[in-house]
Amino acid sequence: MSEVQTVENMVSITIDGVEYKAKEGEYILNAARANDVFIPAICYLTRCSPTLACRICLVEADGKQVYSCNAKVKEGMEITVSTPDILAERRAMMEVYDVNHPLQCGVCDQSGECELQNYTLELQVDSQSYSIQDTKREASDWSSVLHYDPGLCIVCERCTTVCKDMIGDAAIKTTSRGGEALDKSWKDNMPKDAYAMWNKLQKSVIAPSNGTGSTDCSDCGECVAVCPVGALVSKDFVYTSNAWDLKKIPATCAHCSSGCQIYYETKPASIEDRTEKIFRVTNEWNYVSLCGAGRFAYDFENNIEGKDEVAFASAVEAFKQAKVIHFNSVITNEEALMLQTLKEKLGVKLINREARAFQRFLNFYTQASGNSLYTLDFKEVMQSDFVMSVGTSLRNDNPNARYAFNNVQKMNKGAGLYFHPVGDTLVPTFGKTVESFVHQAGHEEAALLLIIDLFADKDKLSDSVKEQLDRDALITTLGGDADKFNAAFDKMMKKKEKFSLMVGEDLYFHEKAENLAKLIAVLEASSEVSVAMIPPKTNSLGVALICDLDDEADGFTIGYNESGDFKLSALGDGDLDMPAMNQQEGTLTNMHKRVTPTNAAVDYHGYELNDIMREVAVAPKETIDWTEHLPTAKGFKAVEFDSLPNGYLNDGTENRGYVLETTSIEVEEVSIEKFDKSRGLEGEIAYRCNPQRQFNDFSDKAHQIFEGFGLYASPAKAETLGSKVEVTFDMGSITLDVIVDDRMEGNIVAVPDFKSAENIYELFAESRYQTVTIREV
Amino acid sequence: MEATILPEVTAAGVIIKAVLILAVISAIAGFGTFIERKILAFMQRRLGPMHVGPHGLLQLAADGIKLFTKEDIIPQHANKVVFAVAPAITAATAFIALAAVPVFPDFTIPFVDIYVPSIASDINVGILFVLGMMAAGLYGPLLAGMAQANKWGIIGSARTAIQFLSYEVITGLSILAPIMMVGSLSFVDFNNYQTDGLWMVVYQPVAFVLFIIAGFAETNRTPFDLLEHEAEVISGYATEYSGMRWGMFFIGEYANMITIGVIAAVVFLGGYNDFWIFPGWLMIIAKIAFSFFFMLWVRAAWPHVRPDQLMWLCWKVLMPLAVINVIITGIVMMLV
Amino acid sequence: MSLEQFKNRNVGTQNYKKLDLEHSPTCGWCQFKQVVSRTFKPELFVGLWVTLREMGNALFRGKMHTTQYPFEKLPISPRYRAIHDMLRLLESGHYRCIGCGLCEKICISNCISMDTRYDENQRKEVSEYTINFGRCIFCGYCAEVCPELAIVHGPRYETASEQRASFSLFEDMLTPIDKLNLQQEYDGFGAISSNADENIKKTPLAY
């Protein structure tokens, strides 16, 4: 469907006499980039709103000078990239940018990939005509990972733009520099736009928007990625390497189910130690945004000396007598297939709690809807203009879902509905038309019913659903004010065409998971809303598709990065070492329903799972030889690993791996259970949720991730709790430090699960919410 | 022949003299190598050995230590006995030849009253003995070259045979004329012949020149060092030698140089007679030293000749000249 | 047009002097005459004289050529590319290297490596620097590319050592701080041209 649309909406434009096709409503700059035509531009970011800070993208369109980042293409538009006037403007702008910009490129971290260097050369700036007294600007650290040197800053505002439009933190802004005022004579003596740009530049500098010296944000480092000069650098990377010394290894981030494309940048660790070390992680920031874990949690490799033959022999023995293999979702598709093969050959049982819950939910959904997988991917969520979220802690569970939610508000003049039991202060700030419901835990069905009520074509609904649709009652149940919401909703619905819903882990671990899955199927069948699901952990989708998981099992257990009688571990604390994700090749299935390749960035000298497979069952030569045997029945393709691409095209097309094939069949209408309001949880509630930037043991191992393992609570709640508490569940208890999360609201506390050794899943059993008793110790 | 009144020559005196000669000449031969290197260096405006001892004086000792301590290698296919004996022949003949040559004036050791003669053994056929011994020295290189199972050695020994044998003729014929004049074969008589009168070189210039030329060939010196001409035959007869065996060839060569110097001094250059205010012992040392220096000087200045040129010079130029010289000497002696 | 200049492929300047070769004597008498003439013409003695004269020159007129090498050394051309030196700033004594890594990048035998870090004074500090002299081909690119004239080729051409590492660390190459006054500006590969000042475009300065 979408393809037909794009063909329909194509317009013809002419750039420098050559005719191109462009999508209607696109900015000239994006249209040119998609057609491989170069228009210089510094401040523009593809998926963010135009800033108009640099003005270098000035072009002539139909005889008028326009900013190509801000002017949309029209049918038959004639565009000239460079006219003498524009060239003079551009040159003047580059000269202005070079005024007082330090010339010590040699020490700058950006040297070699600096856009100021590039454009200064591109526009052949060989002399300087302008000057003004410089302002003293001191370098400082904004946070534990951000380092800002205002002396190098050209105030292109890409950092503030990306922080606001993509990340949603809006943690930094332009502020006054206190610089010397421009001499009025310049106004007459230099090109107009260059003067305007200079005037603004001379007055501004970037600073944390909370007015203090440090940022209050999720430390994602996306501002560092987009900075065209060396002003914003990761604190740990400052002055440690030059861009050209680093080897870029395209990979897939293994921390959450977003599966973002990243480059591990490596070089030998030092003069003494010539083993490759990851110095930083970079990304294609025009097309994908990383979170703090993706960017900073890269040094989780398992450094071991060599092959431990004794441990390997005992591992083989352990596998031969194993009854159960307990593993988690930080695993490649290939390894999942190996475990599945073991199950088929040796009859072991496979335990993976989060993937099992997701698998069950997917099965319910497939049975109810006939779709083999959820219908929407998250790129499409970003294209929608009304986005909803149910059952996921948007800020913590999946950064890409959060970025999508935020981006829809900022870029598509969108609206948003956020349903979650844990109050969040950040989400409502994403846009003016974001309505947030803090409902009782266990009332997720009500949220879905409300959405059905809001969007469904009532004629298509069965009676079992229809009878439950009492909008005002539902709103009240969900903790909202019916009148207020109805008024707000009318405003939200203005000019909206594409509707999307993101659902998360709360639903998979829900007592009524089957009913929820059916409701989602009903919603999709009866409305224009499409649904995307957030897999709980890194490769939960892949594991859910590949493995035939078991619910319970007893007997001799092998733990793979989990506890067990014999432990395989990529963390270095097991009985046999395994390679970590940055040390192995393979594919991951991410929430975009895409199978993406990842590569080894760091050397690994030990045994892999494939070596064990060779001993206990069958195995090809390499781990990646499994790739083409991934189950095609589940949508995988029989392609070789080496043929999988990993990059983006100029127009933003994701060219990574392949998309899972999905099928859709007609199914019988399903019956919906009645929503039982009394099932909501009361009392002290703990929520199984990781802090931002923490996803698993590997992110915890990385040295630039500081979020600790503790009880996260809103400031108000934390005050009542004290500094250290014992949390008692039905299944046991745990003692945790209390950590304040400024962006949490309400009484529910969050208990992280990123430490597999703490067995948090056991405590929560089959739910994400549990009633607990908390006692200060 | 008049009998000179001299103290009785005792066996002790002769032994002392023999030891003296052996020690001094060996030392001088060694020292000669140092001098040679220095002189050649100076003539090429170099410094020569400088590093061991003052101005490299102890280089000599260093070389000696090196030669003595170097591994003694005998090639697998060499005739081992002959190979081992050959250097001894060269050294021995060189020193035996010196037995009949007056090297220093005679003197008496005070207190013990032992008379040490100027000559270890003043045999009446002194010159013949010396020339004979030097000719016998040819067996050294000849056997060495043939014993070592090396083609360069063979060529070296072949060259030894032709060069030594040929130039033996010149030496003999050139010295025949002075012998005719003196009427004796004893070196002492030669010396005494020149006591009052002019040096023999004045009477016999041609013989002197021929003798010097032949002397270069006999001592295997440039420009006639074809036996061990490194550009053509590696090291000729000495190719396979190392250590002290090679050192004995070396000492032999330098001892021969001194012998030739002594013969030239005694036969042609006035012997150990006093000259003006200079005493005889100083004169003979000066004369020998000059001969030695001349040999080095020539080495620095002149190139090698080819073996065929060497033979041509011997048989077609020098030999006829020597014969003519003898004849003319005879005729003059008959007439005068 | 004459093709003469193209046909003459002898590119040397044509001032060879041919030897005045006589015809070889054919008869025995002629040969004898040649010997006599060569003997009595002073040719041989000229040779003797020349060597003697040079000995005199060497000994008494100070024309000895020998340089006693380990103790005396000949001055070396500034363009000679020997073991590298790392220079210091003359005023502050701080090393000039700013750790820009251009030498590391340009090195065609890939033998330079450096570690840099962010120091207490917010400057880029070169914590370690090394050249693998087992690989270095002394091409001089590092000296040419260096923007600070920090790495230059020094006069140390004696590269025999028990370990290659003996020359290769930053401290080995750096001018000793007590010898800062002896530090020479480098004239060789990569040095600034004598008319560099004229080629610089002046940047306006507001104060």
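Residues numbered from 1 in each chain as written. Chains lettered and ligands numbered in written order. Predicted model: local features only at pLDDT ≥ 70, side-chain atom pairs only at ≥ 80, totals over all residues.

**Student:** Quick question: what am I supposed to make of the overall build of chain A here?
**Tutor:** Counting secondary structure elements, chain A contains 26 helices and 37 strands. Its C-alpha atoms give chain A a radius of gyration of 27 Å, within 12% of the compact-globule value 28 Å for 777 residues. Its C-alpha atoms give chain A principal-axis dimensions of about 85 × 70 × 55 Å. The buried share of chain A, taken over its 777 residues, is 52%. Sequence-distant contacts, at least 24 apart, represent 74% of the contacts inside chain A between residues at least 6 apart. (Helix = DSSP H or I, 4+ residues; strand = E, 2+ residues; numbered from the N terminus. Rg over C-alpha atoms; globule rule 2.2 N^0.38 Å. Buried ≥ 20, exposed ≤ 12 C-beta atoms within 10 Å, placed from the backbone. Contact = placed C-beta atoms within 7 Å.)

**Student:** Honestly, the overall build of chain C in this entry has me stumped. Any pointers?
**Tutor:** For chain C, the helix and strand inventory stands at 6 helices and 4 strands. The N-to-C order of helical and strand elements in chain C reads α-α-α-β-α-β-β-α-β-α. For 207 residues, the compact-globule formula gives about 17 Å, and the C-alpha radius of gyration of chain C, at 29 Å, lies well above that figure. Dimensions of chain C, computed from C-alpha atoms along their principal axes, come out at roughly 95 × 60 × 35 Å. For chain C, with 207 residues in total, the buried portion stands at 19%. In chain C, the proportion of contacts linking residues at least 24 apart, taken out of those at least 6 apart, comes to 71%.

**Student:** Looking at this structure, how should I read the pairing of strand E26 (residues 594–598) of chain A?
**Tutor:** Along a regular strand, successive side chains alternate from one face of the sheet to the other. All names here are of chain A. Where burial is concerned, most of E26 is hidden: 5 out of the 5 residues are buried. Relative to E26, strand E25 (residues 586–589) runs antiparallel, the two being bridged by 4 bridges. Paired with Gly-586 across the two strands is Thr-598, which belongs to E26. Hairpin connection from E25 to E26: 4 residues lie between these consecutive antiparallel strands, with Lys-593 at a positive phi of about 60°. Of the strand pairs in this sheet, E26 and strand E29 (residues 658–659) are connected by 2 bridges, and their pairing is antiparallel. Paired with Arg-594 across the strands is Val-659, a residue of E29. (Pairing = 2+ DSSP bridges.)

**Student:** Looking at this structure, I do not really get the sheet that holds strand E16 (residues 386–390) of chain A. What am I missing?
**Tutor:** Across a sheet, paired strands are connected by hydrogen bonds in the backbone, their directions being either parallel or antiparallel. Residues and elements named next belong to chain A. Here we have 5 strands laid out as an open sheet, ordered E19-E17-E16-E20-E21, and parallel in their pairing. On the outer flanks of this sheet lie strand E19 (434–437) and strand E21 (529–533), each paired with one strand and no other. For this sheet, the mean inter-axis angle between neighbouring strands, taken without regard to orientation, is 15°. The strands that helix H21 (residues 513–526) touches are strand E20 (499–503) and E21; relative to E21, the one it contacts most, it runs at about 145°. (Axes fitted to C-alpha atoms, helices over the stretch in contact; angles between N-to-C directions.)

**Student:** Please explain helix H9 (residues 205–218) of chain B as it appears in this structure.
**Tutor:** Since the α-helix turns once every 3.6 residues, residues separated by three or four places project in the same direction. Residue and element names in this part refer to chain B. Between its first and last C-alpha, H9 extends 20 Å over 14 residues, near the 20 Å set by a 1.5 Å rise per residue. Every buried residue of H9 is accounted for by Ala-207, Phe-208, Leu-210, Phe-211, Ile-213, Ala-214, Gly-215, Phe-216, Ala-217 and Glu-218. Those residues of H9 hidden inside the fold are in contact with helix H4 (126–136), helix H6 (151–182), helix H8 (200–203), helix H11 (243–268) and helix H13 (307–335). Just downstream of H9, Asn-220 is the residue with a positive phi angle, here 65°. (Expected span 1.5 Å × (residues − 1).)

**Student:** How should the environment of Met50(B) be read in this particular structure?
**Tutor:** Relative to the helices and strands, Met50(B) resides in the loop between helix H1 (11–43) and helix H2 (59–69). A C-alpha to C-alpha distance of 9.3 Å links Met50(B) and Lys38(B), two positions 12 residues apart in sequence. Those residues in contact with Met50(B) that lie beyond four places of it in its chain are His55(B), Gly56(B) and Gln68(C).

**Student:** What exactly am I supposed to notice about the interface of chain C and chain B here?
**Tutor:** Interfaces are often described in size by the accessible area the parts lose on coming together. With 18 residues of chain C at the interface, the matching set in chain B holds 11 residues. For the side of chain C that touches chain B, the secondary structure elements donating two or more residues are helix H2 (28–40) and helix H3 (43–60) of chain C. For the side of chain C that touches chain B, the element with the highest residue contribution is H3(C), accounting for 11 residues. In the side of chain C that touches chain B, the residues fall into 10 nonpolar, 6 polar and 2 charged. (Nonpolar A, V, L, I, M, F, W, Y, C, P; charged D, E, K, R; others polar.)

**Student:** I'm lost on the domain arrangement of chain A in this one. Help?
**Tutor:** Looking at the assigned domains, one finds that chain A contains domain 1 (1–82), domain 2 (368–533) and domain 3 (681–776). Using only C-alpha atoms to locate each centre, domain 1 of chain A and domain 2 of chain A end up separated by 34 Å. (Domains from an automatic or database assignment.)

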